[in-house]
Amino acid sequence: RTCVDVGLKYVNNDACYPSLIVVGQLMSAVMSGNYDMNKTAILISQTGGGCRASNYIGFIRRALEKAGYPNVPVISINLSGLEDNPGFKITPMLALRGIYAAVFGDIFMKCVYRIRPYEAVPGSTDAMHRKWKKVCADFLSQGYPSRRKFKKLCREIIADFDNNIELLDIKKPRGGVVGEILVKFLPAANNYLVELLESEGAEAVVPDLLDFLLYSFYNQNFKVSHLGMKKSKATIGNLGIKALEWFRKPASDAFRESKHFDPPADIAGLGKMASDIVSLGNQTGEGWFLTGEMLELIHSGAPNIVCTQPFACLPNHVVGKGVIKELRRRYPESNIVAIDFDPGASEVNQLNRIKLMLSTANKNLAKELEKESKEDDDIAS
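Report on the accompanying structure. On a predicted model such as this, the values are computed, not experimentally measured, just so you know.

Along its length, the protein carries 16 helices and six strands. Relative to the compact-globule value of 21 Å for 381 residues, the protein shows a C-alpha radius of gyration of 22 Å, a close match. With 381 residues in all, the protein has 46% of them scored as buried. In the protein, the share of contacts with a sequence separation of at least 24, taken over all contacts with a separation of at least 6, comes to 72%. Accessible surface for the protein amounts to roughly 19500 Å². Of this, 55% is attributable to carbon and sulfur atoms. The distance from the centre of the 47 positive side-chain charges to the centre of the 43 negative ones in the protein is 6 Å.

Next comes the structure, spelled out in structure tokens:
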């Protein structure tokens, strides 16, 4: 809440919720007194494109100037040539550690969210997560992070979650979480949505963060085929996809061989599914990828979906809220609710709408279990 208030102080409240939170987080740190601002730089990742991801850096510089720190450098981490940053380079080792960290993060998210709702001993999943998180942090920060050790860690983490936590033999409705990337992943921005779903008796399913990078690379193909960009852009994009898939292959293979987990989605498959409903030219913000993620969740047994979006986020209203009616027509079992997040949004209203979605999810699950029980009786007789 403090970060949101600080963000409102430095960013016009017409700007979207994620930009308020990001600027608020950074400015809270700047003004905390914990850092020597003469020896501090601020880094912000940027994808470019028509959304506010290109504007964050301007917001941050303006906020620093207003707060009396005009000399603090703000560095853009991007692959699209948005800005040059003298004195800062993404070295191969830095990139390698970053990709490994993203893969570990996706592994933990998938494992914890899949297992925690069913644990027989409360807290056992979080305890295992803390244990492995320290191992991964040590691996990434001490010495050379070798591929062999990385593969071994991926297998061991997934196997530990898969086999060594005692689980209850119950079935819960699965609730997918999609939407604008920051509101989807940052608990502070979505009012701890995953914890809310679990406390209401559901299992949360959140697609991988790495998939968003694959989506950014995959978009180059449409730009070449429809917008006249150089063919080399598509070649580089497809090589980027192959490289990222190669990096996460140990995790994908381990998930495929596990008892409780599903492997990550294929980006080309998501694009093919989404293109039946929206054009792949929808590339602002989450674009067609958001529609693709909802389709993937429906196909993988999580038709109950919360679509999180910053209030008045136009791209999300088109490819998120805007496709819900068509998804319901094609997939009657889909149970999707779009929730707006904003500094002034009513948490009670958000909670009521999510509870209504979960009520429908529980009714649908009860019907499904009744049908399965009847089928089993028929087979037995």
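On to unusual backbone geometry. Located in the positive-phi region is Asn 191, a residue other than glycine, with phi close to 55°. As for its placement among the helices and strands, Asn 191 is situated in the loop between helix H7 (181-185) and helix H8 (193-199). Even without being glycine, Tyr 192 reaches a positive phi, approximately 55°. With respect to the helices and strands, Tyr 192 occurs in the loop between H7 and H8. A relative accessible area of 47% places Tyr 192 in the partly exposed class.

Strand order in this open sheet of four strands is E4-E3-E5-E6, and the pairing throughout is parallel. Only two strands of the sheet have a single partner each, and these edge strands are strand E4 (203-205) and strand E6 (335-341). On average, each strand axis in the sheet is inclined to that of its neighbour by 25°, with strand direction left out of account. In the sheet, strand E3 (residues 174-179) pairs with strand E5 (residues 304-310) via five bridges, with the strands oriented parallel. The residue bridging Gly 179 from the neighbouring strand is Thr 308, located in E5. Here helix H13 (residues 287-299) sits on the sheet in contact with E3, E4, E5 and E6, set at roughly 170° to E3.

Here we come to the nonpolar core. Grouped together as the largest cluster of nonpolar side chains are 103 residues, with contacts concentrated most on Phe 104, Ile 107, Phe 161, Leu 197, Ile 267 and Trp 288. If you tally residues by element for this core, the top one is helix H4 (residues 92-115), at 13 residues. The contact partners of Leu 197, leaving out residues within four places of it in the chain, are Gly 175, Val 177, Ala 202, Ala 204, Ile 354, Met 357 and Leu 358.

A cluster of nonpolar side chains, contributed by Leu 79, Ile 90 and Leu 94, occupies part of the molecular surface with about 320 Å² of accessible area. Within the fold, Leu 79 resides in the loop between strand E2 (74-77) and H4.

So, how was this worked out
- Residues numbered from 1 in each chain as written.
- Predicted model: local features only at pLDDT ≥ 70, side-chain atom pairs only at ≥ 80, totals over all residues.
- Heavy atoms only, no water.
- Helix = DSSP H or I, 4+ residues; strand = E, 2+ residues; numbered from the N terminus.
- Rg over C-alpha atoms; globule rule 2.2 N^0.38 Å.
- Buried < 20%, exposed > 50% of the residue type's maximum accessible area, 1.4 Å probe, protein only.
- Contact = heavy atoms within 4.5 Å.
- Areas by Shrake-Rupley, 256 points an atom, 1.4 Å probe, with all protein chains shown as cover.
- Lys, Arg positive; Asp, Glu negative; His and termini not counted.
- Charge placed at Lys NZ, Arg CZ, Asp CG, Glu CD.
- Pairing = 2+ DSSP bridges.
- Axes fitted to C-alpha atoms, helices over the stretch in contact; angles between N-to-C directions.
- Core = buried A, V, L, I, M, F, W, Y, C linked by side-chain atoms within 4.5 Å.
- Patch = residues over 30% accessible without salt bridge, like charges linked within 9 Å, V, L, I, M, F, W, Y side chains within 5 Å.
- Salt bridge = Lys/Arg side-chain N within 4 Å of Asp/Glu carboxyl O.

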